[in-house]
Amino acid sequence: MTIKVGVIGYGTIGKRIADVVLLQDDMELIGVTGNTFNYKIKSAINKGINIFAADHLGTGLKRNGVCLAGKIVDLLEECDVVCDCTPKGVGKKNKRKYIEHNVKAIFQGGEKPEVGKSFVAQCNYEDVAGEDYIRVVSCNTTGLCRTLHAVDQEYGINDVHATMVRRAADPWDIYHGPINAIVPALELPSHHGPDVRTVLPNFTVFTTSVHVPTTIMHMHSLSIELQNPATVEGVLNLFLKTTRVRIVKNSDGIRSTAEIIEYAKDMGRLRGDMPEVCIWEEGVGVWGNKLFYLQAVHQESDVVVETIDAIRASVGKPITSISKTNQSLGIE
Ligand code: NAD
């Protein structure tokens, strides 16, 4: 069965999901919605992607010469599954339309957990399979869940504290900052800890967060109280065999998030994306029953592979989706 997919909201996440859907041999991209006319819509047209008006008129798009394939309702009629990649809060409003048109929907992490079942493929694919409404958790929560799930399976976790050093804005974004400050998030815990527990409810996770003047990636510093003894070597072996987790080395000259993204570009990755969570080999430490490590998360791409799996999970396809998606993007 070919899954007919639509993308609602063609921005940072939506345009990436559309491109990766095009790589899947069991999916067909019916089209994407255009909200306002811009360079993203122009490049979608150049790729031969059908554009549907996000509103009922599509006036701005038509005025700029876009030949529309229809309106959002027409797109919903043709799809089995839509990926809602609109800004925070819009997805919740759109859900009404998805219910009316009887189409399954994958939401993103800007939406509240109530919008659908929280999802990270390697943690809860089978629990979520067949659901009509799935929420791929945020980029930070996805990164935390991937590595914490592996550690919990191997050693058992009592308790986690993690600090998130968060990028200020996406690279294209000229509106947000800071550009010369470190801004603490004065909510304790930050929303990430409770969000991790919507996927991994069996241990406590306390998170704190600061924003810093970078656009490239987030960095997490984790401190985990384990139930069973661990060694640095054992933990590194565990991460080496964990899907969508990559060990990077200071000794290879990867000392920073900047070098991770340069490495992704050198590997020929589309847009220079790094969907894997990157853990520094030299940054893993064990002290008594505590495990420490540093991981970098590429906010623009880690949730994209999860969304492709969420599409397959929603229609009841098996968990082999993870390796299928990985293979399409050259992820080992
Ligand atoms: P974005 O602002 O880059 O893109 C959103 C797109 O939706 C824009 O093209 C906008 O024109 C369009 N849009 C706005 N209202 C619309 C509507 N009513 N109907 C159809 N389209 C509409 O946003 P983004 O960064 O791609 O974020 C999308 C979702 O992904 C959010 O939930 C966000 O929290 C989540 N997310 C973002 C990132 C990131 O780093 N950017 C990472 C993980 C998750």
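See the structure above.
This structure is a prediction, so every number in the text was calculated from the model and none was measured. (Residues numbered from 1 in each chain as written. Predicted model: local features only at pLDDT ≥ 70, side-chain atom pairs only at ≥ 80, totals over all residues. Heavy atoms only, no water.)

Draft legend 1. Up close: the packing of helix 11 (residues 302–314) against helix 12 (residues 321–329). Packing of helix 11 against helix 12 leaves a shortest axis separation of 9 Å and a crossing angle of 135°. Put simply, helix 11 runs oblique to helix 12. Of the two possible hands of crossing, helix 11 and helix 12 adopt the one that is right-handed. Contacts between helix 11 and helix 12 involve Val305, Ile308, Asp309 and Arg312 from the former and Ser321, Ile322, Lys324, Thr325 and Leu329 from the latter. In terms of residue class, the contact of helix 11 with helix 12 is built from four nonpolar, two polar and three charged. (Axes fitted to C-alpha atoms, helices over the stretch in contact; angles between N-to-C directions. Helix = DSSP H or I, 4+ residues; strand = E, 2+ residues; numbered from the N terminus. Parallel < 35°, antiparallel > 145°, perpendicular 65-115°, else oblique. Left-handed = near helix turned anticlockwise from the far one by under 90°. Contact = heavy atoms within 4.5 Å. Nonpolar A, V, L, I, M, F, W, Y, C, P; charged D, E, K, R; others polar.)

Draft legend 2. Representation of the nonpolar core in the model. The biggest cluster of nonpolar side chains holds 38 residues, and the ones touching the most others in it are Ile17, Val21, Val32, Ile106, Phe119 and Ile311. Of all elements in the fold, only strand 1 (3–8), helix 1 (12–23), strand 2 (27–34), helix 2 (39–46), strand 5 (81–84), helix 6 (121–128), strand 8 (133–136) and helix 11 reach the threshold of two or more residues within this core. In terms of residues, this core owes the most to one element, helix 11, which gives six residues. Ignoring any residue separated from it by four or fewer positions in sequence, one finds Ile311 in contact with Ile3, Val5, Val21, Met27, Val81, Cys83 and Ile106. Formed by 32 residues, the second largest nonpolar core is a distinct cluster that contains Val196, Leu226, Ala230 and Ile279. (Core = buried A, V, L, I, M, F, W, Y, C linked by side-chain atoms within 4.5 Å. Buried < 20%, exposed > 50% of the residue type's maximum accessible area, 1.4 Å probe, protein only.)

Draft legend 3. Main features of the pairing of strand 6 (residues 104–107). The pairing of strand 5 with strand 6 spans three bridges and is classified as parallel. Looking across to strand 6, one finds that Val82 is bridged to Ala105. The parallel pair strand 5 and strand 6 is bridged by helix 5 (residues 90–100), and the resulting crossover is right-handed. Where strand 6 lies against strand 8, three bridges are found, and the strand directions are parallel. Within strand 8, the residue paired with Ile106 across the bridge is Ile134. (Pairing = 2+ DSSP bridges. Right-handed = clockwise from strand over helix to strand, strands pointing away.)

Draft legend 4. Highlighting a nonpolar patch on the surface. A contiguous nonpolar patch, built from Tyr39, Trp172, Ile174 and Tyr175 and spanning about 550 Å² of accessible area, is present on the exposed surface. Of note, Trp172 is situated in the loop between strand 9 (157–167) and strand 10 (183–184). Residue classification places Trp172 among the partly exposed positions, given a relative accessible area of 39%. (Patch = residues over 30% accessible without salt bridge, like charges linked within 9 Å, V, L, I, M, F, W, Y side chains within 5 Å. Areas by Shrake-Rupley, 256 points an atom, 1.4 Å probe, with all protein chains shown as cover. Salt bridge = Lys/Arg side-chain N within 4 Å of Asp/Glu carboxyl O.)

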